[in-house]
Amino acid sequence: MPGSTPASATVELARAERPRWLAAVGDFVRRRPLGAIGAAIILVMVVLAATAGWIAPYDPLETDYAAMIAAPNAAHWLGTDAFGRDVLSRIIYGSRTALLVGLGAATLGATFGSLIGVASAYFGGRVDLIVQRIMDVFFAFPVIILALAVVAVLGTGAGNVILAIATPMVPRCARVVRSSALAVREMPYVDAARASGFRHGRIILRHMLPNVMAPILIMATAFLGEAILLEASLSFLGLGVQEPTAAWGLMLRGAAVEFAETAPWMAIFPGLAISLAVFGFNLFGDSLRDALDPRLRTQ
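Residues numbered from 1 in each chain as written. Predicted model: local features only at pLDDT ≥ 70, side-chain atom pairs only at ≥ 80, totals over all residues. Heavy atoms only, no water.

Visitor: So what's going on with unusual backbone geometry? Residues and values would help.
Guide: Cis geometry is adopted by the peptide bond preceding proline 244, which originates at glutamate 243 and carries an omega value of 5 degrees. Positionally, proline 244 belongs in the loop between α11 (213-236) and α12 (248-253). Positive phi, normally seen in glycine, also occurs at isoleucine 69, with a value near 50 degrees. With respect to the helices and strands, isoleucine 69 occurs in the loop between α4 (52-55) and α5 (87-123). With relative accessibility at 31%, the residue isoleucine 69 sits in the partly exposed group. (Helix = DSSP H or I, 4+ residues; strand = E, 2+ residues; numbered from the N terminus. Buried < 20%, exposed > 50% of the residue type's maximum accessible area, 1.4 Å probe, protein only.)

Visitor: Can you break down the packing of α5 against helix α13 (residues 265-292) residue by residue, with the values?
Guide: Here α5 crosses α13 at 35 degrees, and the two axes come no closer than 11 Å. Note on packing geometry: the crossing formed by α5 with α13 is right-handed. When α5 is examined against α13, the residues Val87, Ile91 and Leu99 are found in contact with a partner set consisting of Trp265, Phe269, Pro270, Ala273 and Phe281. Its residues placed into classes, the contact of α5 with α13 shows 8 nonpolar, no polar and no charged. (Axes fitted to C-alpha atoms, helices over the stretch in contact; angles between N-to-C directions. Left-handed = near helix turned anticlockwise from the far one by under 90°. Contact = heavy atoms within 4.5 Å. Nonpolar A, V, L, I, M, F, W, Y, C, P; charged D, E, K, R; others polar.)

Visitor: So what's going on with the pattern of salt bridges? Which residues, and what values?
Guide: Any two side chains of opposite charge can pair, on the condition that their charged atoms come close. Using the criterion set out here, one finds 9 salt bridges in the structure. Salt-bridge contacts for aspartate 136 lead to arginine 133; the nearest nitrogen and oxygen are separated by 2.8 Å. Here aspartate 136 pairs with arginine 133, and both are found in helix α6 (residues 125-139), just 3 residues apart, close to one helical turn. Under the relative-accessibility criterion, arginine 133 is labelled partly exposed at 43%. Its salt-bridge partner being arginine 175, residue aspartate 136 comes within 2.6 Å of it at the nearest N-O pair. (Salt bridge = Lys/Arg side-chain N within 4 Å of Asp/Glu carboxyl O.)

Visitor: Describe in detail the packing of aromatic side chains, supporting the description with residues and values.
Guide: Inspection of every chain in the model, using the stated rule, returns 1 aromatic pair. An angle of 75 degrees between the planes, with centres 5.0 Å apart, marks the rings of tyrosine 122 and phenylalanine 123 as edge-to-face. Look at tyrosine 122 and you get buried, because its relative accessible area is 6%. For phenylalanine 123, a relative accessible area of 41% puts it in the partly exposed group. Positioned above the aromatic ring of phenylalanine 198, the side-chain terminus of arginine 202 is 4.1 Å from the ring centre. (Phe/Tyr/Trp six-rings, centres within 6.5 Å; stacked < 30°, edge-to-face > 60°. Lys NZ or Arg CZ within 6 Å of the ring centre and 35° of its normal.)

Now the structure itself:
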């Protein structure tokens, strides 16, 4: 521009580049509205978990025996449970448990699965054959059965539940990441790194792993919804987090049978929370896959 100084030109350039991420978000919302809906559900869940101490109307552990099994009313919008605890407050605090277990299990499963998958593809040969046969053994068991077996060995508690849910996710992530890493292994820069004498660990971590991040992110996002569902299932069976922790599965466990007819709100609202959370992560994960996979991008 005439009369503009280098400093002003730099400022104008910075202003022009600043909204790029906003443009990317707007393009994602416009092209994939279902993914945007899923992201909105996730955002609401994160906000609820982060601000539970301020927005929850009651202490989730506080009992009120004068208001046991109270139907939804002005004082308790979603009613109370058999101990007089506010259902709404427990659902809000339960989002913390769901996100803690979901993020922990998804991160752990995706991390170890990615490392195993990339290492298996890199070494190939007999190492790849042995690793993939071990993964096949894990694939032979249903996810919930494998998680139950790990919990039975390690015991209950949030940490053990995270390990139990992450265990069946490792082979699934390893198999997907390995398929992408096989193509990366043949790239010239990997051959150049080998010729330069770099160690195997450096080649795997610095040259191969960053180039297969797209499937890792997709798998981790998909695992989040499944981890929340598995945590609720284990808690419902009495093998997840334990009372008096606020958890959606525990709320279902105490309401599904005994109070199904007399107090249906005790099971309906936690069930809706689980369904919405899983629905949101699945929608967002599918859209993220479409956005990151060049073969699935729409022109």
